[in-house]
Amino acid sequence: MANVSLRKLNIVLGGKPIIRDLDLCVEPGEFLVLLGPSGCGKSTLLHSIAGLVDSDSGAIEIGGRDMTDADPSERGIGMVFQSYALYPTMTVEDNMSFGLRIAGTPKAEIRRRVDRAAAMLQLDALLRRKPAQLSGGQRQRVAIGRALVREAQVFLFDEPLSNLDAKLRAELRRELKLLHQALGSTMIYVTHDQVEAMTLASRIVVMQGGEIQQIGTPLDVYERPANRFVAGFLGAPAMAFMEGALDAQGCFEADGMRYLPADESRPAGRAAVLGIRPEYVKIHADGDFVGDVTLVEPMGNHQVVWLRRGQATLASLVHDARSYAPGERVAFSIDTARVSLFDPASGNRL
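Residues numbered from 1 in each chain as written. Predicted model: local features only at pLDDT ≥ 70, side-chain atom pairs only at ≥ 80, totals over all residues. Heavy atoms only, no water.

An unreviewed UniProt entry annotates the chain as ABC transporter ATP-binding protein originating from Telluria mixta.

Rendered as structure tokens:
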């Protein structure tokens, strides 16, 4: 296990700043997920840690050693890409051992490492097959195994599940988490998929525009987003926003609604934006507010009921069997202990 430390990192590509003055510390044994939309700089950041992209300024340390200008082969990392990048004419065993053979690793040691990785990834019965004889999930396991046999200090994953269908993604997601628990290695994982981030991460780093928006545990980032971008990016359906104001008593008012958020530190007498996640909205006969059903989305074990209240559209997660129809008027309440308030100008959490 090794820590990874980035200090004042700046990366410019084609004259455009991609990473701006970024500081980040990854603890030994941590599973850190870099999360953000396409173009936010997360893959560029990962590639700079791997030594595939040069930084313009700043420092990269791995295991306490300055690796800013080191070659990729000197950094003690194992990397898994979105593309499997397997040699089509080689067997699974040969693909996994290729780097070790090139490095002159003794045959007995190669056998030990390949057997260990194959057992972890359930590839024992596939070692004699070639990539064309494997499914997409099996190919990605081979790519992961090729990184594991290096027994690296740090493992880097660049959207490794993006090319798989939903079922395979879910299966490999579980396997990756179990793999991390078994190895205890430091892992840095890039994704734009919030489900992957929430289920895999020890901590999530939410990025936008080459900058870190928030760092925290999945629960912290989800429950207490630092700004509107983080709040809107995490969650499915996404957090709904209502523009209004806080009166002198700190009560939020908008679209004929008035209630007191539970946060005792809330400001008063100013404009504010209220953020409400679907699970905070409960439809029931004694609800404090009334809205009109605009859409119902059956999801199997629950349904998403969309409500219109004034200028705002809210979603509610309903887990009972009651049916709703567009145009129906329903009463609902909002869990005031879990809402978020944001500044309308900066977007930062109040």
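**Q** Any chance you could explain the nonpolar core here in plain terms?
**A** Most often, soluble globular proteins have nonpolar side chains that are buried together. Among the nonpolar cores identified, the biggest contains 44 residues, and Met96, Ile144, Phe157, Leu176 and Tyr189 are the most heavily contacted of them. For this core, the element with the highest residue contribution is helix α4 (residues 136-148), accounting for 5 residues. With sequence-adjacent residues up to four places away left out, Ile144 is seen in contact with Val80, Leu121, Phe157, Leu176 and Leu179. In terms of nonpolar packing, the next biggest core, distinct from the first, is built from 30 residues, Ala2, Val26, Leu32 and Met67 among them. (Core = buried A, V, L, I, M, F, W, Y, C linked by side-chain atoms within 4.5 Å. Buried < 20%, exposed > 50% of the residue type's maximum accessible area, 1.4 Å probe, protein only. Helix = DSSP H or I, 4+ residues; strand = E, 2+ residues; numbered from the N terminus. Contact = heavy atoms within 4.5 Å.)

**Q** Looking at this structure, how should I read unusual backbone geometry?
**A** Residues apart from glycine generally show negative phi values, whereas peptide bonds are mostly found in trans. The omega angle of the peptide bond from Ala236 to Pro237 is -5°, so this bond is cis rather than trans. Along the polypeptide, Pro237 turns up in the loop between α8 (228-233) and β11 (240-246). The phi torsion at Lys8 lies on the positive side, around 50°, for a residue other than glycine. One can find Lys8 in strand β1 (residues 4-13). Even without being glycine, Ala85 reaches a positive phi, approximately 50°. Considering the arrangement of structural elements, one finds Ala85 in the loop between β6 (77-80) and α2 (92-102).

**Q** How do you make sense of the packing of α2 against α4 when you look at a structure like this?
**A** In a pair of packed helices, the angle between the axes and the distance between the axes together describe the arrangement. At a minimum axis distance of 8 Å, the contact between α2 and α4 shows a crossing angle of 30°. Comparing the axis directions of α2 and α4 gives the class roughly parallel. α2 and α4 meet at a crossing whose hand is right-handed. Residues Val92, Asn95 and Met96 of α2 lie in contact with α4, whose contacting residues are Val142, Gly145 and Arg146. Classifying every residue of the contact of α2 with α4 gives 3 nonpolar, 2 polar and 1 charged. (Axes fitted to C-alpha atoms, helices over the stretch in contact; angles between N-to-C directions. Parallel < 35°, antiparallel > 145°, perpendicular 65-115°, else oblique. Left-handed = near helix turned anticlockwise from the far one by under 90°. Nonpolar A, V, L, I, M, F, W, Y, C, P; charged D, E, K, R; others polar.)

**Q** Looking at this structure, I do not really get the environment of Phe233. What am I missing?
**A** Examined against the element boundaries, Phe233 turns out to sit in helix α8. Residues Phe233 and Pro37, spaced 196 residues apart in sequence, show a C-alpha to C-alpha distance of 8.4 Å. Those residues in contact with Phe233 that lie beyond four places of it in its chain are Leu35, Gly36, Pro37, His192 and Gln194.

**Q** Even after reading the chapter, I still don't get the pairing of strand β7 (residues 154-158), so can you show me in this structure?
**A** Regular strands place their side chains on alternate faces of the sheet. Among the 5 residues of β7, 5 are classified as buried, and the element is accordingly described as predominantly covered. What you see with β7 is no split at all: Val154, Leu156 and Asp158 on one side and Phe155 and Phe157 on the other are buried throughout. As paired elements, β6 and β7 share 4 bridges and run parallel to each other. By the bridge assignment, Gly78 is partnered in β7 with Phe155. Two elements, β7 and strand β8 (residues 186-191), share 5 bridges in a ladder whose sense is parallel. Pairing of Leu156 across the sheet is with Ile188, part of β8. At this point the chain moves from β7, through helix α5 (residues 166-183), to the parallel β8, and the crossover so formed is right-handed. (Pairing = 2+ DSSP bridges. Right-handed = clockwise from strand over helix to strand, strands pointing away.)

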